[in-house]
Each structure stands twice: as structure tokens, then as C-alpha cells.
Amino acid sequence: MIVAISIGAVNVPLGEVWGIVLHHVTGAGAAPSDPALDQIVWNFRTPRVVLAALVGAGLAVSGAVLQTVVSNPLADPIVLGFSYGATLGAVLVITLGGGVALAGLGVSAAAFVGAVAAGALVFALGRRRGRMAPTRLVLAGVAVGYVFLSATSFVQLQATPTELRTVMFWMLGSVAGAQWDQLPAVSAVVLATTTLLSLFGRRLNVLLAGDESATALGIDVNRLRAALLVLSALLTGTVIAVAGSIGFVGLMIPHLVRLTIGADHRRLLPLTALLGAVYLVLVDLLSRVVNRPNELPLGILTALLGAPFFLWLLRRNKGLD
Amino acid sequence: MKLTVEGLHVTLDQNPVLRNVTLEAREGDIVGLVGPNGSGKSTLLRTVYRSLRPAGGTVRVGGDDVRKLSPRDAARRTAAVLQDAEGNTTGLTVAEIVALGRAPHHGLLGRDGPEDRSTVADAIDRCGVRSLADRDYTSLSGGERQRVLLARALAQEPRLLVLDELTNHLDIRARFELLNLIRATGVTTLAVLHDLDLAARLCDRLVVLCEGTVVAAGPVLDVLTPRTLGEVFGVRASAERHADGVVRITYGAQPLAGDRAPESASHDLPGRRNVPETTA
């Protein structure tokens, strides 16, 4: 993380970075000599790196849980429609510029509302007679996603070119706008839901055995699914709201960890969070360097970097035959 | 623990599947549930392990109505080994699958202690899957999987075992081994068995289901009369206890003439001769 903070449009020596971060966190050491450097390190880079870590962890954990909840290896926040809900919310605010209905709602708030609304819809439509069958859930998610996507496309047609550019950047995701004051809320949600979901680890394992077996093992399958769906919608909504809809992390990181250490959620979830965090910090770092001084949106790099490695791992793994 | 089913009615999508089913398994008994396809055997099991809510009647395990027990309490009494088709267990090892049996013994915050680990190890040893413990479950053969699922059920430390076609797809030696294993547990067992020979061999008592009702119940030889075998299964057959103490069924060459649906004269029953079996 320290390395990630030091590199950017302006490179800051590692030692300086340490000094500045240490000074702000503990109050120890001398105050930074150069106020501009201090500004860059503490007010721009540090919150950005912290946010990237939180977003990466949140997306990855959410993907891991959703894959188990709907019993489908392709599941992630995008497939279940959460991301498209968030996109519609964000695009509405960007293009209507906070029109009458949405006055007072920022892009982030609208995206959060969109994601959670999509989650609620999937939840409601995926239920039948109190039972949440995995296939119905995933198909409901896909359908809800398409509806939100159509609505988003329609709104985009009404947008000006400048607005479209903003929309596109939002959709590809970025943590460039990170600020200290948004971090407490985001980190609280990410840490709380990730911890809670990790506590559900054993039950998630039981869910892998299939619904009938899980019932015979004393799990109320429908209640568990409902709780997990709510938690992951909250988690996804929060991180997408601040960073945009970043693809691939939620799908790939959980599989990467599974292929390496197995599917026991009590190990899987914490490690998925960790790897998701590290991965997005790295991707964000690259997005700042490859095209200096311009930045690339995260969504482009997450897949571009991750896919080849993922495919390599996929071909090497014998367990999938 | 004793299992008592009283006046059970179950409907699925408004179709009555079980009608007024009453049966009992005494402590330590192995009760076989037999009947043609679609007679409601699996539905009855699902009601016992609480996957289905009955429209009427009760299922009692150890004297308590299972609907009044919490899911976890019920799972501490009853363990089920179901057919292997469902689930997505890629990435779990055999040891991890068996350890799932400890789930009903813990709350949300519970962690496996030494006692859990020794129970799991014991179940693994008893089912002879020690050498497979670190293998990925999905890489196992059908017979190995069944033994692993039985080990998971034993790790649950159940007082009642519910088995659905446990021996399907197994070769004859594996069947006998598995049956001996179940006998050795001494746990009250309700087992759906397709193969009548196997049912006769394993069970103390049999219950015959046909079109959702119990048509015969009692000790094996009392139930497997030529008349019941003819009316329910549509085959000419008789059962007798041989000198070695094993009940064997002799089938006639042809199914009985009649208007039974072809699928209910099930795959392996009609026309099958009683091949002399080696005693295990």
C-alpha cells in the first residue's frame, strides 16, 4: 500500500511516504517539510489506496457469497443485476443533473439506492411460496439486470456528449475521487458485512451440499439465502456507489482463491477479501502509471490483467474436469 | 430413537402424494421403505427430515413432533443420506464434507473443538474413507461418495438415520459393505430401497408404500408375500428364509400380465432370476 501511495503522476520517495503516513496516523516524527507533498500523499493518494482496498475486498466477498447462494459459478454482482441497478441510479443523476425527483441525491447515493432496489427486486421475484430456488434467483437477477440496462440505455440517449463521457467513466469505475470523509461509512459497511459473512462460513459450506442435504443438516435454507442476499446487496451497493461498477473482481477473485485453497468459506472469505483488496490497489496503481499523466478507468484494467492469469489457472486445474 | 409417523398427509402442488400414512420404527430397528416408483417413498423421507411440511398428521422423533423442533435440534436427532445428484461441492475435500455433519451442533459463532474433530475422524474411519480424506469430493466414484455421505451423516451423531437409495450405482460388494456398516451403527434407520433382495437382507421390518398409502407393514417375511409382491410390484415372486438366515426372493420369469405402467415394473425387478449370491 505504501508503494501504491508513493507512485503516481508525481513520484514520492518511499521514505517520505512512510514519514507522512506515520505522522498523520500516530502523530510521531517531524511534520512533513513540503506541504504540497503532504497534500498529495495524505489527502489524495492515501484515501484513494484505502478506498481501492475496501472496494476490491467488498466486490470480491460479495461475488464469493453470491456464487454459493445461487449455486452458480458465474454469479457476481453484475449477473444478479445489482450493478445495473446502481448504474441506472448513477446515470439518472448524471444526466438529469439532480432533477426534481432526485434533488438532493448525489451520484453515490443514487447508485446505492439503485443497487439495493435491484437486490430487493431479485429477492422478491426469486421467491415463490417462501422458497428461494437458486436457478429462479439467478434468472430473476439476469432479467432484472436487463430491465435496468434498457432503462439506462434509454436515459443515455437523452444525454449530452459531456454527460455521456461522465457516464462512461462512471461505468468503468474509478477510485480517483476518494476523500477521507467518505471512508468511515464505506469501511464500516465493508468490514461489518465481511465479518458477518465470514461468520456464516460454516453455513455457506453446508449450502454447497445442496438444499435438501442442507435442510437435513439443520439449516433453514430459505432464511439463510435471504440473509446472505441482503448482506451482499448492501455490500455491493456501498462499494459500487463510491467506485462505480467495476467488473470482473467479483467474479474472478473468489474463483482464484477457490482454485488455490479450496471452497471452505471460513478460509475462502477472508482470503478473498484480502486478495480483492490487494488486486484493486494494484490495478489502481497501474491505472495511474500506464498512461501518465492520464488515468485509465479501473474496469478496463481489471479484466485485461486478470483474465489471462485466470484462464491460465483454469486450464491448469485438474479438479474441474 | 423411536420414529413415529401418524396419519401423515402430504400434498405437492395440490396433488396428494401421501395419504394417511402411519408407521413406526422402534429404537434400533432398521425399517425398509419399499414400493414402486412414484409411490411417495422419497416424499415420506423429506417429511421426516423436515424438508416438507405435512398437510396433516405428525412425524415424531424420540416422541417430539419434528415441526416443533428447531431445524438445528431436528438435525441433531435425524441425519439423512440422499441421492448424490444435487449440490455443488467442487473444492471441498472429503474431510471437509464429513465435517459438515457437525454443523447442527454449533451456533453461528461455534468453532470445531477437539471433540468435533475426533467425532469426524471416527466417522471417517468407520466408513473406511480415511485414505480419501484429502481428495476433492467431486473426484470420487459413486460408491466412494456414498460412503463419504454416510460418514457425514454419522458425524452428525444422529439418533435416526434416513437413507434414500443409498446403494444405487454400487457394485454388489460395496452394497454389502455399506449395509453391514449401517447395521453396525445400531442407529434407528428408515431406508428407501429399490432392490427388494437388499431390503430383505438389511431390514428388520418393511413398509410397503403404493400410491401414497401403506399397503403392508411388518416383519420382512410377513410383508413379502407372493400376493403383495404381485399386487404392488407386478411380479410373480416369493420370499423365503434360507438356511444361512438370509431372506431371498425368487422371481418368476415374466412380470404378471396387467395394465401397470411400464415404468412401475421397474428397471431391474422383472424377469430377474435369483442369482445365487455369495454371502458377505
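What counts, and where the lines are drawn
- Residues numbered from 1 in each chain as written.
- Chains lettered and ligands numbered in written order.
- Predicted model: local features only at pLDDT ≥ 70, side-chain atom pairs only at ≥ 80, totals over all residues.
- Heavy atoms only, no water.
- Helix = DSSP H or I, 4+ residues; strand = E, 2+ residues; numbered from the N terminus.
- Rg over C-alpha atoms; globule rule 2.2 N^0.38 Å.
- Buried < 20%, exposed > 50% of the residue type's maximum accessible area, 1.4 Å probe, protein only.
- Contact = heavy atoms within 4.5 Å.
- Salt bridge = Lys/Arg side-chain N within 4 Å of Asp/Glu carboxyl O.
- Nonpolar A, V, L, I, M, F, W, Y, C, P; charged D, E, K, R; others polar.
- Domains from an automatic or database assignment.
- 1 Å grid on protein atoms, 1.4 Å probe; cavity = no way out; pocket = protein on both sides within 12 Å on 5 of 7 lines; lining within 4 Å.
- Points joined across faces, edges and corners; volume = space filled by probe spheres on them.
- Pairing = 2+ DSSP bridges.
- Phe/Tyr/Trp six-rings, centres within 6.5 Å; stacked < 30°, edge-to-face > 60°.
- Lys NZ or Arg CZ within 6 Å of the ring centre and 35° of its normal.
- Axes fitted to C-alpha atoms, helices over the stretch in contact; angles between N-to-C directions.
- Parallel < 35°, antiparallel > 145°, perpendicular 65-115°, else oblique.
- Left-handed = near helix turned anticlockwise from the far one by under 90°.
- Expected span 1.5 Å × (residues − 1).
- Core = buried A, V, L, I, M, F, W, Y, C linked by side-chain atoms within 4.5 Å.

Caption draft 1: The arrangement of the overall build of chain A in detail. When helices and strands are tallied, chain A shows 14 helices and two strands. Since a compact globule built from 321 residues should have a radius of gyration of about 20 Å, the 20 Å found for chain A is in line with a globular shape. The principal-axis extents of the C-alpha atoms in chain A amount to approximately 65 × 45 × 35 Å. Here chain A holds 321 residues, and 52% of them are scored as buried.

Caption draft 2: Structural view of the interface of chain B and chain A. Tallying the contact residues gives 36 residues for chain B and 26 residues for chain A. Between chain B and chain A we count four salt bridges in total. Elements with a minimum of two residues in the side of chain B that touches chain A: α2 (71–77), β6 (78–81) and α3 (94–99) of chain B. Broken down by element, the residue count for the side of chain B that touches chain A peaks at three residues, all from α2(B). Here the residues of the side of chain B that touches chain A sort into 12 nonpolar, 14 polar and 10 charged.

Caption draft 3: Structural view of the domain arrangement of chain A. When the domains of chain A are assigned, the result is domain 1 (1–46) and domain 2 (61–247). Using C-alpha coordinates to define each centre, domain 1 of chain A is positioned 34 Å away from domain 2 of chain A.

Caption draft 4: Structural context of the environment of Val208(B). Residues and elements named next belong to chain B. Along the chain, Val208 turns up in strand β9 (residues 205–210). Judged by relative accessible area, Val208 falls into the buried class, the value being 1%. For the pair Val208 and Leu229, spaced 21 residues apart in sequence, the C-alpha separation works out to 9.7 Å. Once residues lying within four places of it in the same chain are set aside, the contact partners of Val208 are Val34, Thr213, Val214, Val215, Ala216, Val223, Thr228, Val232 and Phe233.

Caption draft 5: Layout of empty space enclosed by the protein. Taken as a whole, this structure holds six cavities of 30 Å³ or more when the rule is applied. Put simply, the second largest cavity is a space of about 70 Å³. In terms of residue class, the lining of the second largest cavity is made up of six nonpolar, two polar and three charged.

Caption draft 6: Spatial organisation of the pairing of strand β8 (residues 188–192) of chain B. Residue and element names in this part refer to chain B. β8 sits mainly inside the fold: five of its five residues count as buried. Because side chains alternate across β8, one face comprises the buried residues Thr188, Leu190 and Val192, and the other comprises Thr189 and Ala191, equally buried. Bridging between strand β3 (residues 30–34) and β8 involves four bridges; their strand directions are parallel. Counted as the bridge partner of Val31 is Leu190 from β8. Sheet analysis places strand β7 (residues 160–164) next to β8, joined by five bridges and oriented parallel.

Caption draft 7: Up close: the side chain of Asp116(B). Residues and elements named next belong to chain B. Take Asp116: it is sitting in helix α4 (residues 114–126). A residue is classified by how much of its surface remains accessible, and Asp116, at 7% relative accessible area, is buried. When near neighbours in sequence (up to four residues on either side) are disregarded, Asp116 contacts Arg102, His106 and Arg111.

Caption draft 8: Summary view of the packing of aromatic side chains. Throughout the structure, instances matching the rule amount to one aromatic pair over all chains. Taking the ring centre of Tyr137(B) as reference, the NZ or CZ of Arg145(B) above it sits at 5.2 Å.

Caption draft 9: Quick peek at the packing of helix α3 (residues 35–69) of chain A against helix α13 (residues 265–289) of chain A. All names here are of chain A. Close contact between α3 and α13 brings their axes to 7 Å; oriented N to C, the two are set at 140°. Between α3 and α13, the angle falls in the class oblique. For the pair α3 and α13, the crossing hand works out as right-handed. Per-class residue counts for the contact of α3 with α13 are 14 nonpolar, six polar and four charged.

Caption draft 10: The arrangement of the pairing of β3(B) in detail. Residue and element names in this part refer to chain B. Summarising burial for β3: five of the five residues are buried, a large majority. Looking at chain direction, β3 and β9 are connected through four bridges and run parallel. Considered in β9, the bridge of Val34 is made with Val208.

Caption draft 11: Spatial organisation of the sheet that holds β8(B). Residue and element names in this part refer to chain B. Taken together, six strands build an open sheet; the order of strands is β6-β7-β8-β3-β9-β10 and the sheet is mixed. Edge positions in the sheet fall to β6 and β10 (213–219), since each of these pairs with one other strand and no more. Ignoring which end each strand starts from, the neighbouring axes of this sheet average 15° apart. Its contacts with the sheet put helix α9 (residues 226–233) on β3, β9 and β10, and the angle it makes with β9 is roughly 35°.

Caption draft 12: Seen up close, helix α5 (residues 142–155) of chain B. The terminal C-alpha atoms of α5(B), which comprises 14 residues, lie 20 Å apart, in line with the 20 Å expected from a rise of 1.5 Å per residue. α5(B) sits mainly inside the fold: 12 of its 14 residues count as buried. In the core, the buried residues of α5(B) are packed alongside α10 (211–216) of chain A together with β6, α3, α4, β7 and α6 (172–185) of chain B. At the C-terminal side of α5(B), Glu157(B) shows a positive phi close to 50°.

Caption draft 13: Spatial organisation of the pattern of salt bridges. Using the criterion set out here, one finds 23 salt bridges over all chains in the structure. Each member of the salt-bridge network shares a partner with another, and the members are Arg48(A), Asp284(A), Arg288(A) and Glu295(A).

Caption draft 14: Here's a closer look at the nonpolar core. Residues and elements named next belong to chain A. Judged by nonpolar contacts, the single largest core of 92 residues is most densely connected at Leu51, Val55, Val65, Leu197, Leu228, Ile246 and Val249. It is α3 that provides the largest number of residues to this core, a total of 17 residues. Once you skip the residues sitting within four places of it in the chain, Val65 turns out to touch Leu197, Leu204, Leu228 and Leu269.

Caption draft 15: Quick look at unusual backbone geometry. All names here are of chain B. Not every positive phi belongs to a glycine, and Asp13 is a case in point at roughly 50°. Take Asp13: it is sitting in the loop between β1 (3–12) and β2 (15–25). Taking the relative accessible area as the measure of exposure, Asp13 reaches 52% and is therefore exposed. At Glu165, a position not held by glycine, the phi torsion is positive, near 50°. Inspection of the secondary structure puts Glu165 in the loop between β7 and α6.

Caption draft 16: Local environment of the layout of surface pockets. Estimates place the volume of the largest pocket at around 940 Å³. Counting residues per element, the ones that place at least two in the lining of the largest pocket are α10 and α11 (221–243) of chain A together with β1 of chain B. When its residues are assigned to classes, the lining of the largest pocket shows seven nonpolar, six polar and 12 charged.

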